[in-house]
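# Commentary on secondary and tertiary structure
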Amino acid sequence: MTHLGNPYVTGNSVTAASKAGLEASGSTVTTADATQPPPERGGPAHGWSQTGPLRRGWVRLLLGLLLPALIITVWQLNSVTGLFSSVQVPPPAAVFNAAVELIQRGELWTHIGISTQRVLLGFTFGAALGLVVGSLVGLSRIADALLAPTIGALRAVPSLAWVPLLILWMKIGEDSKITLILIGAFFPVFTTVYIALRHVDRNLVEAGRAFGLKGLKLLTTVQLPAVIPAVFSGLRLGLAQAWLFLVAAELIASSLGLGYLLSDSQNNGRVDRIFLAIILLAIIGKTTDALLGIAEKWAVRRWA
């Protein structure tokens with residue numbers, strides 16, 4: 001089976017997922033390796049293993065915080081040594097004070113809230129559409145021949161190229177911003193689901209059909225559970241794209257949001273606020289990705 005850049009997609013996981021789906025439909029499935037436990041996530045079967053202290057969550061957390069701590073240290077040292085001027089790289093204290101100032105004025109939480117809302121709405125609709133269209137094109141030869149070339153061409157269009165058209169059609173409002181984010185989230189999900197479904201083991205599909213499964217029931221019981229890890233890879237890529245497209249939308253046509261904060265700070269020469277907006281985008285983006293990662297672990301345990 002093709003691995004789509006996800007270390008968790010293996011033949012065993014596909015077999016286990018599809019077997020679980022068939023059993024959920026009321027069928028009993030016996031396979032040659034049915035008595036073998038599924039390979040541990042992150043184990044040798046996936047190409048790498050967590051051994052020793054790395055198996056402990058707090059150790060991995062500390063290791064993950066080392067690089068950010070090093071960056072902050074070097075950043076603070078720059079404010080002392082003056083390698084870069086404060087106009088180019090403001091000290092951490094200045095960025096912190098900028099955050100406090102915006103909080104006191106009641107603006108920071110508004111910017112964060114509206115940007116998060118836009119991303120969640122656009123990502124939800126874009127991911128759902130990508131899942132549906134990806135499933136259709138991945139399972140139907142006719143849909144593949146009809147839709148895949150056009151979608152592949154549209155995928156190459158830069159995000160900023162959509163902005164003038166969306167403003168013309170939907171004016172400067174929430175609809176145009178959410179639609180742009182939807183476009184950004186759609187393509188990674190569509191591509192991952194489309195390719196993954198095209199490489200599901202044919203024997204698993206035939207086994208499902210032998211038990212009377214077909215159409216939507218076959219898709220939800222056998223085929224989608226078989227590609228759960230790949231689907232979540234697409235969802236996480238789509239979420240990252242949603243944040244990228246959010247900034248594109250808010251930089252051009254917005255009066256609120258973190259993208260607007262970036263643009264407004266540039267116009268006013270507030271480099272400290274520019275750094276603040278970038279840091280907030282990184283933190284919030286990582287937080288939403290971590291939440292999706294928790295959902296992925298649950299789904300993999302449940303179906304794969």
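Structure shown above.
What counts, and at which threshold
- Counting starts from 1 at the beginning of each chain's written sequence and moves along it residue by residue.
- Local features in a predicted model are, by the rule used here, given only for residues with pLDDT of at least 70; side-chain atom pairs are given and counted only at 80 or more, and totals for whole chains, interfaces and linings are based on all residues.
- The side-chain numbers reported here are obtained from all heavy atoms of the structure, hydrogens and water having been left aside.
- Here the term cavity refers to a set of points on a 1 Å grid, laid over the protein atoms alone, in which a 1.4 Å probe fits but cannot get out; the term pocket refers to an open set having protein on both sides within 12 Å along at least five of seven lines, with lining residues being those that place an atom within 4 Å of a point.
- Grid points are joined across faces, edges and corners, and a volume is the space filled by probe spheres set on the points.
- Where helices and strands are cited, they refer to DSSP runs of H or I of at least four residues and of E of at least two residues respectively, numbered from the N terminus.
- Residues are grouped as follows: Ala, Val, Leu, Ile, Met, Phe, Trp, Tyr, Cys and Pro are nonpolar; Asp, Glu, Lys and Arg are charged; every other residue, Gly included, is polar.
- Any two residues having at least one pair of non-hydrogen atoms within 4.5 Å are treated as being in contact.
- We call a residue buried when its accessible area falls under 20% of the maximum for its residue type, exposed when it is over 50%, and partly exposed in between, using a 1.4 Å probe and counting protein chains only.
- For our purposes a nonpolar core is just a set of buried Ala, Val, Leu, Ile, Met, Phe, Trp, Tyr and Cys residues, chained together by side-chain atoms within 4.5 Å.
- Patch definition: residues with relative accessible area over 30% and no salt bridge; like charges joined within 9 Å; nonpolar side chains (Val, Leu, Ile, Met, Phe, Trp, Tyr) joined within 5 Å.
- Residue-level accessible areas treat just the shown protein chains as cover; the underlying method is Shrake-Rupley with a 1.4 Å probe.
- Basic side-chain nitrogens of Lys or Arg form a salt bridge, by our definition, when they fall within 4 Å of a carboxyl oxygen of Asp or Glu.
- Structural elements are reduced to axes, namely lines fitted to C-alpha atoms, with helices fitted over the stretch in contact, and the angle between N-to-C directions of any two is expressed from 0 to 180 degrees.
- The handedness criterion is simple: a crossing whose near helix is rotated anticlockwise from the far helix by less than a right angle is left-handed, and one whose near helix is rotated clockwise is right-handed.

## Looking at the layout of surface pockets
By volume, the second largest pocket is sized at about 370 Å³. Along its surface, the second largest pocket is lined by 15 residues, and Gly138, Leu139, Leu197, Arg202 and Gln223 are the ones closest to its centre. Of all elements in the fold, only α4 (108-139), α5 (141-155), α7 (174-198), α8 (202-210) and α9 (215-226) reach the threshold of two or more residues within the lining of the second largest pocket. The element contributing the most residues to the lining of the second largest pocket is α8, with four residues. In the lining of the second largest pocket, the residues fall into six nonpolar, three polar and six charged.

## Points about the environment of Val205
If you trace the backbone, Val205 turns up in helix α8. A C-alpha to C-alpha distance of 7.1 Å links Val205 and Gln223, two positions 18 residues apart in sequence. Non-local contacts of Val205, meaning those with residues more than four positions away in its chain, are made with Val200, Leu218 and Gln223.

## What to know about unusual backbone geometry
At Lys171, a residue that is not glycine, the phi angle is positive and equals roughly 65°. Position of Lys171 among the secondary structure elements: in the loop between α6 (159-170) and α7. The exposure class of Lys171 is exposed, given its relative accessible area of 56%.

## What about the nonpolar core?
Membership of the largest hydrophobic core comes to 47 residues, with the highest contact counts inside it found for Phe123, Val227, Leu235 and Leu276. Within the residue set of this core, elements represented by two or more residues are α3 (92-104), α4, α7, α8, α9, α10 (228-252), α11 (258-268) and α12 (271-303). Per element, the largest residue contribution to this core is 10 residues, and it comes from α10. By size, the runner-up hydrophobic cluster in this structure holds 17 residues, among which are Ile151, Leu166, Leu180 and Phe187.

## Digging into a nonpolar patch on the surface
Nonpolar side chains collect at one region of the surface, where Trp58, Leu61, Leu62 and Leu65 lie side by side and expose about 440 Å² of accessible area between them. Residue position: Trp58 is located in helix α2 (residues 57-81).

## Quick notes on the packing of α4 against α7
At a minimum axis separation of 5 Å, α4 and α7 run at an interaxial angle of 35°. Viewed along their axes, α4 and α7 form a crossing whose handedness is right-handed. Its residues placed into classes, the contact of α4 with α7 shows 21 nonpolar, six polar and four charged.

## Here's the deal with the pattern of salt bridges
Within this structure, the stated rule accounts for 11 salt bridges. The shortest N-O distance in the salt bridge between Arg273 and Glu101 comes to 3.1 Å. Of this pair, Arg273 sits in helix α12 while Glu101 sits in helix α3; the two residues are 172 residues apart in sequence, bridging distant segments of the chain. For Glu101, a relative accessible area of 29% corresponds to the partly exposed category. Ionic pairing is found between Arg118 and Glu174, a salt bridge with its closest N-O pair at 2.7 Å. Linking Arg118 in helix α4 with Glu174 in helix α7, this pair joins segments that are 56 residues apart in sequence. Judged by its relative accessible area of 3%, Arg118 is buried. We classify Glu174 as partly exposed; its relative accessible area is 31%.

## Details of empty space enclosed by the protein
To find the voids left in a structure, one rolls a probe of water-molecule size over its atoms. One pass over the full model with this rule turns up one cavity of 30 Å³ or more. Empty space within the largest cavity amounts to approximately 70 Å³. Lining the largest cavity we find Val163, Leu166, Ile167, Ser176, Lys177, Leu180, Ala249 and Ala253. Among the elements of the structure, α6 and α7 are those that each provide at least two residues to the lining of the largest cavity.

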